[in-house]
Amino acid sequence: MSRRITASTRMSLVVGDPVRHSLSPALHNAAYLAADLDWVMLAMPGPVGSGASLVDLVRRHEVGGMAVTMPLKPEVAVAVDVLDPAAAALRSVNTVVPDAGGARGMSTDGDGFVASLRASGHDPAGTSVLVIGAGAASRSIIDALGRAGVRAIAVVNRTHSGAVEAAQFAPMALAVEHDQLDGAAASSNIIVNTTSVGMGQDAAGGASPLDVTLLRADHVVADIVYHPLQTALLAAAVSAGAATVDGLGMLVHQAALQCEAWTGVTPDVSVMRAAAEAELLARHG
Ligand code: ATR
C-alpha cells in the first residue's frame, strides 16, 4: 500500500532528545495507513527548554497530536493547559492532544501496560502484582495498576528509597526490601520487570532481575524491555510454563491510546505491533 501526502494531511510529531531512535513514527504511520487516515508522523528533536514552544504548536492546532519522550515529559506537563489524571499524578506527559480548551496532556504508558495485559487475557483486577524497578516506567505502571482494581502491589528496587517513592503512586502499593524479593515473587500472581536488566543481552545467558527458579506455571511474567523481545526473564518464564507479556505490549498499546486520542479512531494494534517488529528487525537483525 502506498499513500498520498497532501496539504491537508494532518501532522503528528514525536519530540524528544534524542529522538532519532524512536519507534513511534513506524508504529503510528503503519496505523494511519491501515485505517486509511490522512495523517503522518515525523520525529523532531526537542532539547530541554523547547517543551513550551512545541506545546504551542498543538495549542494552535497546527499539529494534530504530539508524542513526547525524554527529556521533555516533565516540562511539557507544566506547559499544557489541562492534565489527565495519570499525567497529573506523575507530573509527566507523553501525549499532547489539541482540545477546545487548548493543549491537553496525557500519560498513556501505564494504561498501555494494563491494556497489554488485558489483551493477552490477563486482567490484573483482584491480583497481587510484583513490580521490580522504580523509575518513570515503574511509576506509570503502578499508577495505572492502582486504577485497574489490583489487590496488592509489591514494589522492589535495587535502591530501596526509590521503591518507597514509587509505592506512593497507588494506595495498595507497598515498598518491599530487596532482600525480600524472593518472598514477594512467591506471593505474586503477576511479575513485572520495569528495570533495564536484560536489555541488549541474549536470552541465553542474559541477566534477570530475579532468581528465575522462583517462576511457576501460574505466574504471568511481563517485561518492558523489548530489545531483545525475549529477555532472559521471559525465556525462563516460558520454560517454567508461565504466561508472558513482552515489552512491545506496552509500547504498542500506549501508542494505540495516543492514536485514538488524536484521531478518534481505534487503531489496529496488530498492525502497529508488526510495524514495530519489522523496525526492530531492520535495526538489530
Ligand atoms: P525508566 O524511565 O525506563 O523507568 P529509569 O528512570 O532510569 O528508567 O529507571 C531505571 C530503573 O532500573 C531503576 O529502578 C533502576 O534502579 P535504581 O533506582 O536502583 O537505579 C533500575 N536498574 C537499572 N539498572 C539496574 C541493575 N543493573 N540492577 C537492578 N536495577 C537496575
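Residues numbered from 1 in each chain as written. Predicted model: local features only at pLDDT ≥ 70, side-chain atom pairs only at ≥ 80, totals over all residues. Heavy atoms only, no water.

Draft legend 1. Up close: the overall build of the chain. Each helix and strand counted, the chain has 11 helices and 12 strands in total. For 285 residues, the compact-globule estimate of 2.2 N^0.38 gives 19 Å, and the C-alpha radius of gyration of the chain, at 19 Å, lies within 12% of that figure. Taken along the three principal axes of its C-alpha coordinates, the chain extends 60 × 40 × 30 Å. Considering the chain as a whole, with its 285 residues, one finds that 52% of them fall into the buried category. For the chain, the proportion of contacts with a sequence separation of at least 24, taken over those separated by at least 6, is 64%. Accessible surface for the chain amounts to roughly 12,200 Å². Of this, 55% is attributable to carbon and sulfur atoms. Across the chain, the 17 positively charged side chains and the 26 negatively charged ones have centroids separated by 5 Å. (Helix = DSSP H or I, 4+ residues; strand = E, 2+ residues; numbered from the N terminus. Rg over C-alpha atoms; globule rule 2.2 N^0.38 Å. Buried < 20%, exposed > 50% of the residue type's maximum accessible area, 1.4 Å probe, protein only. Contact = heavy atoms within 4.5 Å. Areas by Shrake-Rupley, 256 points an atom, 1.4 Å probe, with all protein chains shown as cover. Lys, Arg positive; Asp, Glu negative; His and termini not counted. Charge placed at Lys NZ, Arg CZ, Asp CG, Glu CD.)

Draft legend 2. The arrangement of the domain arrangement of the chain in detail. Structurally, the chain comprises domain 1 (10-107 + 251-284) and domain 2 (110-245). The interface of domain 1 with domain 2 comprises 12 residues on the first partner and 13 residues on the second. Sorting the residues of domain 1 by area buried against domain 2 places Leu-90, His-253 and Leu-280 first, and these three jointly supply 42% of that buried surface. For the pair domain 1 and domain 2, the number of links is zero salt bridges. On inspection of domain 1 and its partner domain 2, the count reaches zero residue pairs in polar contact (both at pLDDT 80 or more). (Domains from an automatic or database assignment. Buried area = accessible area lost by both parts, 1.4 Å probe. Salt bridge = Lys/Arg side-chain N within 4 Å of Asp/Glu carboxyl O. Polar contact = N/O pair within 3.5 Å; in protein donor to acceptor, adjacent residues only side chain to side chain.)

Draft legend 3. The arrangement of the site of the ligand in detail. Around the ligand, the neighbouring residues are Gly-133, Ala-134, Gly-135, Ala-136, Ala-137, Asn-157, Arg-158, Thr-159, Thr-195, Ser-196 and Val-197. One nitrogen or oxygen atom from the main chain of Ala-136 is found 3.1 Å from an oxygen atom belonging to the ligand. Measuring from an oxygen atom of the ligand, one finds a side-chain N or O atom of Thr-159 at 2.4 Å. More than half of the atoms of the ligand fall within 2 Å of the grid points belonging to the second largest pocket. Residue composition of the shell around the ligand, grouped by class: four nonpolar, six polar and one charged. (Near = heavy atom within 4 Å. 1 Å grid on protein atoms, 1.4 Å probe; cavity = no way out; pocket = protein on both sides within 12 Å on 5 of 7 lines; lining within 4 Å. Sits in = over half its atoms within 2 Å of the grid points. Nonpolar A, V, L, I, M, F, W, Y, C, P; charged D, E, K, R; others polar.)

Draft legend 4. Representation of the sheet that holds strand β8 (residues 152-156) within the structure. Taken in spatial order, the six strands of this open sheet run β9-β8-β7-β10-β11-β12, and their pairing is parallel. Each edge of the sheet is formed by a strand with only one pairing partner; in this case those strands are β9 (173-175) and β12 (243-245). Each neighbouring strand pair of the sheet contributes to a mean axis angle of 20°, computed without reference to strand direction. As judged from the five bridges shared by strand β7 (residues 128-132) and β8, these two strands associate in the parallel manner. What sits directly across from Val-129, in β8, is Ile-153. Strands in contact with helix α9 (residues 232-239) are β10 (190-193), β11 (220-223) and β12; relative to β11, the strand with the most contacts, it is inclined by about 165°. (Pairing = 2+ DSSP bridges. Axes fitted to C-alpha atoms, helices over the stretch in contact; angles between N-to-C directions.)

Draft legend 5. Here's a closer look at the packing of aromatic side chains. Counted under the stated rule, the structure contains one aromatic pair. Geometrically, the ring pair formed by Tyr-32 and Trp-39 is tilted, given 5.8 Å between the ring centres and 45° between the ring planes. For the pair Tyr-32 and Trp-39, a shared accessibility class is recorded, and that class is buried. Between Arg-10 and the ring centre of Trp-39, over which it is positioned, the NZ or CZ distance is 5.6 Å. (Phe/Tyr/Trp six-rings, centres within 6.5 Å; stacked < 30°, edge-to-face > 60°. Lys NZ or Arg CZ within 6 Å of the ring centre and 35° of its normal.)

Draft legend 6. Seen up close, the pairing of β10. By the alternation rule, side chains of β10 split into Ile-190 and Val-192 and Ile-191 and Asn-193, which are all buried. As paired elements, β7 and β10 share four bridges and run parallel to each other. Across the sheet, the residue bridging to Ile-132 is Asn-193, located in β10. One ladder, built from four bridges, connects β10 with β11; its direction is parallel. Bridging across to β11, Val-192 finds its partner in Ala-222.

Draft legend 7. Local environment of the side chain of Ser-92. Mapped onto the fold, Ser-92 is located in the loop between α4 (85-90) and β5 (95-99). With a relative accessible area of 18%, Ser-92 lands in the buried category. Those residues in contact with Ser-92, other than ones at most four positions away along the chain, are Lys-73, Ala-77, Ala-87, Met-106 and Ser-107.

Draft legend 8. Representation of the sheet that holds strand β4 (residues 82-83). Taken in spatial order, the six strands of this open sheet run β2-β1-β3-β5-β6-β4, and their pairing is mixed. Whereas interior strands pair on both sides, the edge strands pair on one side only; in this sheet they are β2 (39-45) and β4. Where β4 meets strand β6 (residues 102-106), two bridges bridge the pair, whose relative direction is parallel. When the bridges of β6 are listed, Leu-83 appears paired with Gly-105. Those strands touched by helix α1 (residues 24-34) are β1 (10-16) and β2, and its axis lies near 170° from that of β2. Contacts from helix α10 (residues 247-263) reach β1, β2, β3 (65-68), β5 and β6 within the one sheet, and its direction differs from that of β5 by about 15°.

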